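Next come the chains, spelled out residue by residue.
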Amino acid sequence: MISVQNLTKDYDTHRAIDHLNFTAEKGEVLGFLGPNGAGKTTTMRILTGFMSPTSGTATIDGLDVMEDSLKVRHKVGYLPETVPLYEDMRVFDYLKFMGQLHKVQEIDERVAEVLIQVGMDDRSQSLIKNLSKGMRQRVGLGQALLHHPDVLILDEPTIGLDPKQIKEVRNLIKSIGKERTVMLSTHILSEAQQICDRVIIINKGRIVAEDAPENLQGRVSALRVVYVRVSEKTDQAATALRELPGVLSVKVLETGRIEVENVRESDVRPGIARKLVESGYDLLELTPESVNLEDIFLKLTREASSENPPLEPEPNDSQESEA
Amino acid sequence: MRNIWTIAKKEYAGLFYSPIAYVVGVVVFLVMGIFFSYDLNAAITYQYTPDFTYELDILIFPLIFLAIPILTMKTFSEENKSGTLELLLTAPVKDHELVIGKWLGTFLFFLSLILLTWFYPLVLNFIIDPGIDQPKNLANYLGVTLMASSMTAIGIYISSLFKNTIAALMASLGTLLVFWLISAPAQFFPGTVAADVFTNLSLTQHYYNSFRAGMIDLLDVSYYVSLTVLALFLGTRSIESKRWR
Ligand SMILES: Nc1ncnc2c1ncn2[C@@H]1O[C@H](COP(=O)(O)OP(=O)(O)OP(=O)(O)O)[C@@H](O)[C@H]1O
Ligand SMILES: [Mg+2]
C-alpha cells in the first residue's frame, strides 16, 4: 500500500529525512518511532501530499503522491501532529465540512457514527475552541476516519488522551489495521509494541532499525542478566555458578537473589538449572531480566548517532560551566 | 465544483458568525442610512428627487475600500497560522477550487451586504415622483458589484501570502490604494500612451467613466472580470507554492 524509495527532504540546508526506504502492506499497522526531530512528521507530510520531497518517490496503492496527489488524498485519512481544527465551528459542523470535501455519502449518519467511535457523541454541538486537548485529538481522529480511507496516517494519535481513551483508540487502530493500512508515529515504545505489526525506528532522518516489535527486543541481547533464587545456601550456589561456561560474573543481591551476568548470544539458563539441581539445591526462581523497549530504543538511536555524528557538536552545558 | 460550493458555504457562514463582519455591516448601513435620511427628508419636504449615485460613491470609498480588506484578511492568513491549511491541502480539493471557494464565499457575503443597501433607493422610489432613475441605479450597482469582486479576489490573494492577519490587512489596503490612485499620474502627461495605461489600470476609473453614469461598457466589465481571474490565478499559484517549501 505504502511504498517509499530514497525519500529525502531538505529544509534549506538542513536534511530532515535522508534516503528513506520502507513499505507498508494492506492489513498492517506500521509504527514510526523516533526521538524529537527524527523526521517522522516530515515523512508523513510528504505521504499526505502536504509537501513535496526534495528527491525520491513515495507511492500509495501504486499512485505517486506528487503526480496523482488528488487520488492519493482520496485514499488517505490523516491526523496531523498539531491537530489543526476550526476553532469557531461546532464539532458536528466541522466533521460534516471535512466529510463533504472527502465526498462522504450520507454525511449526517456517517458523522454521527464516527462521533460514537471516538467517544464524542455527547459533544457534537460544542464549539471546538471549548474542547479539552484530548477531545480535540479525538475530533481530529474522527476527521481522519470519516471517509473510510484505505490508508490511515496518524501523527502521534494517542498524545494527550486519558488512559481509558488511549486504550480505546489503540483498539480502534488495531481493528482498523486488520483490513486497512495504518501508519502511526509515536514516542511511546510500549504503544508500538502493543498495536504495531512492524516498527521502524528512525533517528536524524535515517532508519536505524526495522522489524516486528518482538524481534527488535531480541536484537539487543535478551538474556544478558538472569536472576536465580535457591531455597538455602545461596552463597555456595553462587560460587558453583561461577564455573559455568558463558557466565561472566555472579553476584548475590541483598534480596537473596543471585544475579548472573552472561555473555551475549548464549543462553545459560539450562546450564544453571542443571548445575543447581544436580548439586542438590532447590531452585525457586530462574528469571531472565526483562529488557524493556525503552532501553532498546535508546541503544539503537545512540548507536546511530555515534555512527553518523551530527555536523555541529551538541553543546554540553554542564561541562562548560564546570570548566 | 462541489468543493468550491462546500468551501464557499463554510466561508460565508464563518463571516456570518464573526463579530468583525457585523461591525462592517453595521457601519455600512449606518453611514448609508445617514445619507438616506437626508435624502428622505429632502424628498418629503421639497419633493426633490435624489441621485442615489452619490450614496454609492460613499459606499465605494471609503466603505468598500476598508471593508473588503477587513473581510478578506483572515481567509488564508488564519489558516496559514493555525495550521488548518494542512487539512485543506491534504483533502482531495484542487488548489484552484480552494481559492475560488474562499473568494466566492467572501464575495457572496459582500454581495448580500450590497443588495441589502438596495433597500434605500427602493424606499426613495416609492416616496417621490418621478422615482429614482432605475436603469442608472442598476448600472451603478452592477459596477460596484464587479469592483467588489475584483477587490475581494485581490484581498484573498494577498491573504494567502501572510501568516499574520494584520500584515495581510495592511498589504491589502496598500494594494487597493495603489489600484485606486494609479490613474493620478495620468494628469501629468495627458494624451500620451502612458496616461492611457495608468488610467486603464485604475480600479475606480472603470467605474467612474461608465457604470457611474449609467452606462455598461463591455470593456469595463471585462476589466473587472479579468482582474478577478488574474488575482484568483495568483492566489492559486501562491497556494501551490506552499507545497514546495
Ligand atoms: N517547516 C520546517 N522548516 C524547517 N525545518 C523543519 C521544518 N519542519 C521540520 N523541520 C526540521 O526537520 C527535522 C525533522 O522534523 P520533524 O517534525 O519531521 O520531526 P519529528 O520526528 O516529527 O519530531 P517530533 O517527535 O518532535 O514530532 C527537525 O530537525 C526539524 O527542525
Ligand atoms: Mg513530529
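These numbers come from a predicted model, not from an experiment. (Residues numbered from 1 in each chain as written. Chains lettered and ligands numbered in written order. Predicted model: local features only at pLDDT ≥ 70, side-chain atom pairs only at ≥ 80, totals over all residues. Heavy atoms only, no water.)

**Looking at the overall build of chain A**
1) Next: Within chain A, the regular secondary structure consists of 12 helices and 14 strands.
2) Next: A total accessible area of about 15600 Å² is found for chain A, and carbon and sulfur atoms account for 48% of it. (Helix = DSSP H or I, 4+ residues; strand = E, 2+ residues; numbered from the N terminus. Areas by Shrake-Rupley, 256 points an atom, 1.4 Å probe, with all protein chains shown as cover.)

**Description of the site of ligand 1**
Residue and element names in this part refer to chain A.
1) Next: The full set close to ligand 1 counts 14 residues, and K40, T41, T42, E81 and H187 are the nearest of them.
2) Next: For ligand 1, an oxygen atom lies 2.8 Å from a polar atom in the backbone of G37.
3) Next: Between an oxygen atom of ligand 1 and a side-chain N or O atom of H187, the distance comes to 2.7 Å.
4) Next: Protein coverage of the free-state accessible area of ligand 1, which is 630 Å², stands at 65%.
5) Next: With 3 residues, the top contributor of residues to the shell around ligand 1 is helix α1 (residues 40-47).
6) Next: In terms of residue class, the shell around ligand 1 is built from 4 nonpolar, 7 polar and 3 charged. (Near = heavy atom within 4 Å. Polar contact = N/O pair within 3.5 Å; in protein donor to acceptor, adjacent residues only side chain to side chain. Nonpolar A, V, L, I, M, F, W, Y, C, P; charged D, E, K, R; others polar.)

**Focus on the interface of chain B and chain A**
1) Next: Between chain B and chain A, the contact holds 24 residues from the first and 26 residues from the second.
2) Next: Together, the buried faces of chain B and chain A total about 2400 Å²; carbon and sulfur atoms form 63% of this surface.
3) Next: Summed over the three residues of chain B that lose the most area to chain A, namely E86, L87 and P92 of chain B, the buried surface amounts to 28% of that side.
4) Next: In this structure, the salt-bridge partner of E86 of chain B is R45 of chain A, at a minimum N-O distance of 3.0 Å.
5) Next: At the junction of chain B and chain A, the tally comes to 9 residue pairs in polar contact (both at pLDDT 80 or more).
6) Next: Breaking the side of chain B that touches chain A down by element, the ones donating at least two residues are α1 (2-16), α4 (74-82) and α5 (85-89) of chain B. (Contact = heavy atoms within 4.5 Å. Buried area = accessible area lost by both parts, 1.4 Å probe. Salt bridge = Lys/Arg side-chain N within 4 Å of Asp/Glu carboxyl O.)

**Regarding the confidence of the model for chain B**
1) Next: In the predicted model, chain B carries a mean pLDDT of 88, and the fraction of residues at 70 or more is 100%.
2) Next: Listed scores for the predicted complex are pTM 0.84 and ipTM 0.90. (pLDDT = per-residue confidence, 0-100.)

**Regarding the packing of α1 of chain B against helix α6 (residues 95-117) of chain B**
Residue and element names in this part refer to chain B.
1) Next: Where α1 meets α6, the axes come as close as 7 Å, and the angle between the chain directions of the two elements is 45°. The orientation of α1 relative to α6 falls into the category oblique. Handedness of the α1/α6 crossing: right-handed. For the pair α1 and α6, the contacting residues are N3, I4, W5, I7, A8, E11, Y12, L15 and F16 in the first and E97, L98, I100, G101, K102, L104, G105, T106, L108, F109 and S112 in the second.
2) Next: Split by residue class, the contact of α1 with α6 holds 12 nonpolar, 5 polar and 3 charged. (Axes fitted to C-alpha atoms, helices over the stretch in contact; angles between N-to-C directions. Parallel < 35°, antiparallel > 145°, perpendicular 65-115°, else oblique. Left-handed = near helix turned anticlockwise from the far one by under 90°.)

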